[in-house]
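# Summary of structural features
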Amino acid sequence: MKAIITVVGKDKSGIVAGVSGKIAELGLNIDDISQTVLDEYFTMMAVVSSDKKQDFTYLRNEFETFGQILNVKINIQSAAIFEAMYNI
């Protein structure tokens, strides 16, 4: 299973640490990560994977709830969606 996680919000310290901790807690591995600050807004994209099949509804809910704690918007999407769009 591969997925893309995006994080957007007002920049502050601890966002990367918090999100990466949540990713590990949910049993996902970070394969690639990129982050930047645009003006005063933090943005991050991460490619994550797992050897196990994952319930995306559960993952979305977990990241949405955790994002509220950090005051950022966290989204997760299956990488298969992007691969299918590319093949069309």
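Residues numbered from 1 in each chain as written. Predicted model: local features only at pLDDT ≥ 70, side-chain atom pairs only at ≥ 80, totals over all residues. Heavy atoms only, no water.

## Quick look at the overall build of the chain
A count of helical and extended segments in the chain gives three helices and four strands. In sequence order, the secondary structure elements of the chain are arranged as β-α-β-β-α-β-α. A compact globule built from 88 residues should have a C-alpha radius of gyration of about 12 Å, and the chain, at 13 Å, falls within 12% of that. Along the first, second and third principal axes, the C-alpha atoms of the chain reach 35 × 30 × 20 Å. Looking at the 88 residues of the chain, the share that counts as buried comes to 35%. For the chain, long-range pairs separated by at least 24 residues make up 68% of all intrachain contacts whose partners lie at least 6 apart in sequence. Of the roughly 5,600 Å² of accessible surface on the chain, a fraction of 54% belongs to carbon and sulfur atoms. (Helix = DSSP H or I, 4+ residues; strand = E, 2+ residues; numbered from the N terminus. Rg over C-alpha atoms; globule rule 2.2 N^0.38 Å. Buried < 20%, exposed > 50% of the residue type's maximum accessible area, 1.4 Å probe, protein only. Contact = heavy atoms within 4.5 Å. Areas by Shrake-Rupley, 256 points an atom, 1.4 Å probe, with all protein chains shown as cover.)

## So, the pattern of salt bridges
Enumeration over the complete set of coordinates arrives at four salt bridges. Between Lys22 and Glu25 there is a salt bridge, and its shortest N-O distance comes to 3.0 Å. Taken together, the residues Lys22 and Glu25, both in helix α1 (residues 15–25) and three residues apart, mark about one turn of the helix. Note that Glu62 is salt-bridged to Lys22, the shortest N-O span being 2.9 Å. A residue pair is termed long-range when its members are at least 10 positions apart, and Glu62 in helix α2 (residues 56–70) and Lys22 in helix α1 qualify at 40 residues. Since its relative accessible area comes to 23%, Glu62 is described here as partly exposed. Taking the relative accessible area as the measure of exposure, Lys22 reaches 9% and is therefore buried. One salt-bridge network, held together by shared partners, links Lys22, Glu25 and Glu62. (Salt bridge = Lys/Arg side-chain N within 4 Å of Asp/Glu carboxyl O.)

## With respect to the environment of Met1
The residue Met1 is located in the segment before β1 (2–10) in this model. Sequence spacing of Met1 and Ser78 is 77 residues, and the spatial spacing of their C-alpha atoms is 7.8 Å. Each residue touching Met1, except ones within four places of it in the same chain, is listed here: Leu28, Val48, Ser49, Ser50, Lys52, Gln54 and Phe56.

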